[in-house]
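Residue-level structural notes
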Amino acid sequence: MGEVNTFIQSIPLDYFIILSSVLFCLGVLGVLLRKNAIVILGCVELMLNSTNLLLAAFSAYKGNGDGQLLVFFIMVVAAAEVAVGLAIIAMLYRNTRSVDVSIFNKLRG
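What counts, and at which threshold
- Residues numbered from 1 in each chain as written.
- Predicted model: local features only at pLDDT ≥ 70, side-chain atom pairs only at ≥ 80, totals over all residues.
- Heavy atoms only, no water.
- Axes fitted to C-alpha atoms, helices over the stretch in contact; angles between N-to-C directions.
- Helix = DSSP H or I, 4+ residues; strand = E, 2+ residues; numbered from the N terminus.
- Parallel < 35°, antiparallel > 145°, perpendicular 65-115°, else oblique.
- Nonpolar A, V, L, I, M, F, W, Y, C, P; charged D, E, K, R; others polar.
- UniProt positions renumbered as here; feature names shortened; annotations may be inferred.
- Expected span 1.5 Å × (residues − 1).
- Buried < 20%, exposed > 50% of the residue type's maximum accessible area, 1.4 Å probe, protein only.
- Contact = heavy atoms within 4.5 Å.
- Patch = residues over 30% accessible without salt bridge, like charges linked within 9 Å, V, L, I, M, F, W, Y side chains within 5 Å.
- Areas by Shrake-Rupley, 256 points an atom, 1.4 Å probe, with all protein chains shown as cover.
- Salt bridge = Lys/Arg side-chain N within 4 Å of Asp/Glu carboxyl O.
- Phe/Tyr/Trp six-rings, centres within 6.5 Å; stacked < 30°, edge-to-face > 60°.

**Concerning the packing of helix 3 (residues 37–62) against helix 4 (residues 66–96)**
Axis separation between helix 3 and helix 4 bottoms out at 9 Å; the angle between their running directions is 175°. It follows that helix 3 is roughly antiparallel to helix 4 by the angle criterion. Across the contact of helix 3 with helix 4, the residue classes tally to 15 nonpolar, five polar and three charged.

And the structure:
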């Protein structure tokens, strides 16, 4: 049973933390700097997946499946978020003919 996680445990945990931090920071920068709504949605997904990577790595190092179970639930919520987000973007594109987020300020009442 312990042989399953030996490959993951041969990689230092610091590498997973660094990679996850870089991916999360890239996602935050993408959300803050981009104006395309679809790219912003992709950057939010990048942030969620960096968190999933870190949870799975900690779960593998600890030797239990709690983190991997939490990753599964996060992926389900992310799929629902994408479905709702794309529906909202499609509706806004139908009204404004653009996915530029700065145009959406005109929709305030």
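Read on, since the account is not over.
**So, the UniProt feature "transmembrane region" (unreviewed entry) in the chain**
If you check UniProt for "transmembrane region" (unreviewed entry), the listed places come out as residues 15–33, 38–58 and 70–93 in our numbering. This span, residues 70–93, is 100% helix and 0% strand, and a straight line between its end C-alpha atoms measures 34 Å.

**So, helix 4**
Here helix 4 is 31 residues long and its end C-alpha atoms lie 44 Å apart, about the 45 Å a rise of 1.5 Å per residue gives. All buried positions along helix 4 are accounted for by G67, V71, I74, A78, G85, I89 and L92. Buried residues along helix 4 sit in contact with helix 3. Phi turns positive one or two residues past the end of helix 4, at R97, with a value near 60°.

**Topic: a nonpolar patch on the surface**
On the surface, Y15, I18, V22, L26, L29, L32 and L33 cluster together into a nonpolar patch covering about 760 Å² of accessible area. Residue V22 is classed as partly exposed on the basis of its relative accessible area, which comes to 45%.

**Some points on the packing of aromatic side chains**
For the coordinates displayed, the defined rule picks out two aromatic pairs. Aromatic pair F16 and Y61: ring centres 6.4 Å apart, planes at 75°, arrangement edge-to-face. Here F16, found in helix 2 (residues 13–33), pairs with Y61, found in helix 3; they are 45 residues apart in sequence, far enough to count as distant. Note on Y61: relative accessible area 24%, which makes it partly exposed. With 5.8 Å between their ring centres and 65° between their planes, F72 and F73 make a pair best called edge-to-face.

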